[in-house]
Amino acid sequence: MSKIILIGATSGIAQAIAARLAQQGAELYLMGRSSAKLDLLAADLTTRYGQHGVRVETRAFDFDDFALHHPAVEAAAKALGKVDAAYICHGTLGDQAACECNFALAEQEFRNNCLSPISFLTHLGNLLEAQGSGTLVAISSVAGDRGRQSNYVYGAAKAGLTAFLQGLRNRLYKKGVYVVTVKPGFVDTPMTAAMPRSPLTASPDAVARDIIRAAQRGTPVLYTPWFWQGIMLIIKAIPERLFRRLTL
Amino acid sequence: MQSIESWGRTPKTTQEVHPLHWSSDPIPSSSTGSCLPYLPYGLGRSYGDVCLNDGAIALPTPAMGRLLAFDPGTGVIRCEAGATLDALLQFAVPRGWFLPTTPGTKFVTVGGAIANDIHGKNHHQVGTFGCQVRRFELLRSNGERRLCTPAENADWYAATIGGLGLTGVITWAEVALRPIASAMIEMESIKFRNLNEFFELSAASDHDFEHTVSWIDCIASGESLGRGIFMRGNHAVEPGPLQTHRPPKLAVPFDLPALTLNRHTVRAFNALYYGRLRSGVTRSRVHYEPFFYPLDGVNRWNRIYGKRGFYQYQFVVPFQDGEAVIREILTLIARSGLGSFLAVLKTFGTMKSPGWMSFPMPGITLALDFANTPAVLPLFAELDRVVFSAGGRLYPAKDGAMRAVDFQKSYPRWEALETYRDPSFSSSFWRRVTQKP
């Protein structure tokens with residue numbers, strides 16, 4: 001039975017990942033900020049998939065208090081015994097315009113989307129290195145591939161996370177640990193609820209299916225849905241002198 | 001602001017949309033900081049304007065559909081109110097359980113089922129959906145949560161069942177499922193040549209058959225007035241595979257032009273549909289899917305009525321003089337030449353719902369679709385006269401046209417619901433029917 005930590009378990013994509021893993025009878029350790037939401041999620045997973053042998057434990061705490069991250073990771077490792085995989089799924093999509101006027105808001109976006117995941121990855125990276133096995137999966141974003149006028153605060157935070165994951169992957173591969181960078185495009189979740197839907201919008205379940213498959217294979221970088229790889233290749237290729245004139 | 005429709009696709013509305021995701025969260029405040037009223041919105045399978053809140057705020061619930069607990073010994077399931085009957089069936093059928101009662105589509109939420117106090121083909125034996133709801137939690141706009149049961153907060157319980165979403169958001173509910181040995185239904189289809197034969201069949205079937213319903217040819221007249229096909233069935237007693245249904249494969253890909261459904265095509269369809277069955281009793285064993293949900297097999301079937309949409313007219317009249325009323329209604333409809341191939345006739349039983357605003361009463365109910373053409377509303381006015389003077393009433397979940405005076409007279413407890421209505425909740429329907437007559 002797979003032993004898996006889900007951080008930011010109540011996020012839209014994480015819920016879909018949890019459901020698929022539960023269907024496979026995994027042992028899950030779910031972390032989030034809200035115990036009420038974690039309880040609802042745990043109840044749903046055990047009611048639906050109890051027959052498949054799923055086991056669920058939860059831990060709620062303030063993610064913004066970074067001092068709490070290490071004890072949480074230790075508690076999870078102790079509860080599970082062994083960590084086969086850890087998925088880091090939390091993040092926020094702030095108001096770009098507001099962040100431009102108010103650095104405190106931009107700073108918080110960086111804490112949520114870059115520093116917080118890095119903190120968890122540091123502790124989990126060391127844990128898995130000592131274990132000599134396992135897979136770390138973190139959800140970055142296509143937005144991190146290039147800074148764009150419309151969301152560069154979020155994009156920059158994700159770019160930082162992407163580079164960190166790249167280095168971590170490089171370091172841990174020699175120790176038998178895989179690191180997967182997930183770059184979703186637009187996904188239909190509560191985080192993007194205010195944004196208009198387009199034909200490019202993906203369902204959390206479709207994305208979750210891709211992510212789990214990538215985790216099982218140890219794929220270094222996953223664009224999901226697949227066509228975002230091509231789109232971002234083009235976006236990244238645009239010379240800066242031209243790009244600075246665009247309104248993307 | 002988004003465009004929001006009911007299943008009848010008329011009236012059209014634009015609303016601010018705030019999906020609910022967690023039953024533990026309070027009701028979200030408006031993004032524009034306004035004081036617009038709220039209304040929960042499930043899958044929008046009701047007709048008319050009962051699920052609409054034009055110019056105000058919709059609270060879609062389907063994302064709030066978690067299963068919270070299930071007792072495999074008693075079949076009691078607790079779920080968030082956005083869970084659909086479809087999802088409950090996917091969960092329950094393989095475990096040997098079924099919905100205690102179900103409407104003609106499984107694409108409705110549990111919250112919507114409670115708010116409209118829906119009924120099914122087995123109303124004459126088990127009553128409405130509200131009769132099967134043991135308890136639920138009601139969330140108000142001020143953050144208050146009430147656990148509602150027949151004994152605790154009993155007034156809130158009675159106000160919310162059939163309460164059209166006006167008392168607040170139902171966050172989670174507990175429903176008693178019923179056991180089944182098989183996913184199959186033993187059914188019988190019987191042709192009847194006129195209304196007399198329908199009533200004879202009904203009386204003969206209600207005791208031995210849990211599920212009964214009839215399709216009626218609403219264009220036939222004269223001696224064939226009220227001819228149709230009577231369907232009756234029971235869950236198969238013999239143990240069989242507990243297979244669930246499959247998702248719909250077909251879909252109506254675009255709105256059909258308005259002329260597609262007219263008196264000629266309907267007459268032709270009805271003749272074929274009635275003619276296809278031999279006389280006498282035809283016995284068969286079918287999966288629950290085509291027995292309960294024949295239309296669910298085609299996604300977006302409401303598009304066959306085109307962009308203008310359609311109305312549904314469903315009423316109930318008491319047994320006394322019921323036959324004469326149905327006869328008069330069918331005569332008026334046949335004479336108008338309006339009407340569609342979807343006409344459903346059924347007898348209700350005596351089981352009383354706990355809901356104040358529950359629609360069924362002991363008597364006969366008839367439901368018909370009408371394409372949205374200018375002649376329809378004057379026809380409804382004529383039908384209303386017959387229904388209301390016979391002491392009958394219309395089903396809010398289907399209604400788009402009834403007059404305020406008729407609504408208030410036929411649902412005398414509407415004023416009680418009004419006092420329990422959350423001051424921050426309202427609907428297009430409620431604003432329409434609670435006007436001073």
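In case you missed it, the structure is sitting above this.
Turning to the overall build of chain A, a few remarks are in order. Secondary structure assignment for chain A yields nine helices and seven strands. By the compact-globule yardstick of 18 Å for 248 residues, chain A fits well, its C-alpha radius of gyration being 18 Å. In terms of overall dimensions, chain A has C-alpha extents of about 55 × 40 × 35 Å along its principal axes. Partitioning the intrachain contacts of chain A with sequence separation of at least 6 by distance along the chain shows that 73% fall at a separation of at least 24. Summed over all atoms, the accessible surface of chain A reaches about 11,500 Å², with 55% contributed by carbon and sulfur. The positive charge centre, built from 26 side chains, and the negative charge centre, built from 19, are 8 Å apart in chain A.

Frequently, the measure chosen for interface size is the accessible area removed from exposure when the parts meet. Across the contact, 12 residues belong to chain A and 14 residues belong to chain B. Both sides together, the interface formed by chain A and chain B hides about 1,200 Å², and carbon and sulfur atoms give 61% of it. Sorting the residues of chain A by area buried against chain B places A:Leu40, A:Thr47 and A:Arg48 first, and these three jointly supply 45% of that buried surface. For the pair chain A and chain B, the interface holds one salt bridge. A salt bridge links A:Lys37 to B:Asp25, with the nearest nitrogen and oxygen atoms 3.8 Å apart.

With that settled, consider unusual backbone geometry. Following A:Thr224, the chain continues into A:Pro225 via a peptide bond in cis, with omega recorded as -10°. Mapped onto the fold, A:Pro225 is located in the loop between strand S7 (221-224) and helix H8 (228-237). With an omega dihedral of 0°, the bond running from B:Thr10 to B:Pro11 counts as a cis peptide bond. Along the chain, B:Pro11 falls in the loop between strand S1 (2-4) and strand S2 (13-17). Even without glycine at this site, B:Asp117 takes up a positive phi of about 45°. For B:Asp117, the position within the fold is in the loop between helix H2 (110-115) and helix H3 (123-126).

For the α-helix, the turn length of 3.6 residues means that residues three or four positions removed from each other point alike. All names here are of chain A. Listing the buried residues of H8 in full gives Trp228, Met232 and Ile235. Considered in projection along H8, the buried side chains sweep an arc of 60° and stay on one side of the axis. Exposed and oriented more than 90 degrees from the buried face of H8 are Leu233, Ile234 and Ala237. In the core, the buried residues of H8 are packed alongside S7 and helix H9 (240-243).

Bringing helix H8 (residues 322-336) of chain B into the picture now. All names here are of chain B. Taking 1.5 Å of rise per residue, 15 residues should cover 21 Å, and H8 covers 21 Å from first to last C-alpha, within 8% of that figure. Turning to H8, its buried residues number three or more, namely Gly322, Val325, Ile326, Ile329, Leu330, Leu332, Ile333 and Ala334. Looking at the buried positions of H8, the neighbouring elements they touch are helix H5 (195-205), strand S13 (211-216), strand S18 (310-318), strand S19 (343-348), strand S20 (363-371) and helix H9 (376-389). One or two positions beyond H8, positive phi appears at glycine 337, with a value near 75°.

All names here are of chain A. The parallel open sheet is built from seven strands, whose spatial order is S3-S2-S1-S4-S5-S6-S7. The sheet terminates laterally at strand S3 (55-60) and S7, the two strands that pair on one side only. When the angles between neighbouring strand axes are averaged without regard to direction, this sheet yields 15°. Pairing analysis gives five bridges linking strand S5 (residues 135-139) to strand S6 (residues 178-184), with the strands arranged parallel. Paired with threonine 135 across the strands is tyrosine 178, a residue of S6. With respect to the sheet, helix H1 (residues 12-23) is in contact with strand S1 (3-7), strand S2 (27-32), strand S4 (85-88), S5 and S6, its orientation differing from that of S1 by roughly 165°.

Our next topic: the pattern of salt bridges. Applying the stated criterion across every chain yields a total of 36 salt bridges over all chains. Across the salt bridge formed by A:Glu129 and A:Arg171, the nearest N and O atoms sit 2.9 Å from each other. Within this pair, whereas A:Glu129 is found in helix H5 (residues 103-131), its partner A:Arg171 is found in helix H6 (residues 152-173), the two being separated by 42 residues in sequence. Judged by relative accessible area, A:Glu129 falls into the partly exposed class, the value being 25%. For A:Arg171, a relative accessible area of 36% gives the class partly exposed. A salt bridge links B:Glu188 to B:Arg283; its shortest N-O distance comes to 3.0 Å. Residue B:Glu188 is found in strand S12 (residues 184-192), and its partner B:Arg283 is found in strand S16 (residues 281-287); the two are separated by 95 residues along the sequence. A relative accessible area of 10% places B:Glu188 in the buried class. Sharing partners across several salt bridges, the network here consists of A:Lys3, A:Glu27 and A:Arg55.

All names here are of chain B. Burial analysis of S20 places eight of its nine residues in the buried class, the great majority of the element. Two strands pair when backbone bridges link them, and S18 and S20 are joined in this way by nine bridges, in the antiparallel orientation. The partner of phenylalanine 315 across the bridge, within S20, is leucine 366. As paired elements, S19 and S20 share six bridges and run antiparallel to each other. If you follow lysine 346 over to S20, its bridge partner there is threonine 365.

So, on to the packing of H5(B) against H8(B). Residues and elements named next belong to chain B. At a minimum axis distance of 11 Å, the contact between H5 and H8 shows a crossing angle of 140°. One way to sum up the angle between H5 and H8 is to call them oblique. Considering the relative orientation of H5 and H8, their crossing is right-handed. Each of Leu195, Asn196 and Phe199 in H5 lies in contact with H8, whose residues at this interface are Glu323, Ile326, Arg327 and Leu330. Classifying every residue of the contact of H5 with H8 gives four nonpolar, one polar and two charged.

What counts, and where the lines are drawn
Residues numbered from 1 in each chain as written. Chains lettered and ligands numbered in written order. Predicted model: local features only at pLDDT ≥ 70, side-chain atom pairs only at ≥ 80, totals over all residues. Heavy atoms only, no water. Helix = DSSP H or I, 4+ residues; strand = E, 2+ residues; numbered from the N terminus. Rg over C-alpha atoms; globule rule 2.2 N^0.38 Å. Contact = heavy atoms within 4.5 Å. Areas by Shrake-Rupley, 256 points an atom, 1.4 Å probe, with all protein chains shown as cover. Lys, Arg positive; Asp, Glu negative; His and termini not counted. Charge placed at Lys NZ, Arg CZ, Asp CG, Glu CD. Buried area = accessible area lost by both parts, 1.4 Å probe. Salt bridge = Lys/Arg side-chain N within 4 Å of Asp/Glu carboxyl O. Buried < 20%, exposed > 50% of the residue type's maximum accessible area, 1.4 Å probe, protein only. Arc of directions from axis to C-beta. Expected span 1.5 Å × (residues − 1). Pairing = 2+ DSSP bridges. Axes fitted to C-alpha atoms, helices over the stretch in contact; angles between N-to-C directions. Parallel < 35°, antiparallel > 145°, perpendicular 65-115°, else oblique. Left-handed = near helix turned anticlockwise from the far one by under 90°. Nonpolar A, V, L, I, M, F, W, Y, C, P; charged D, E, K, R; others polar.

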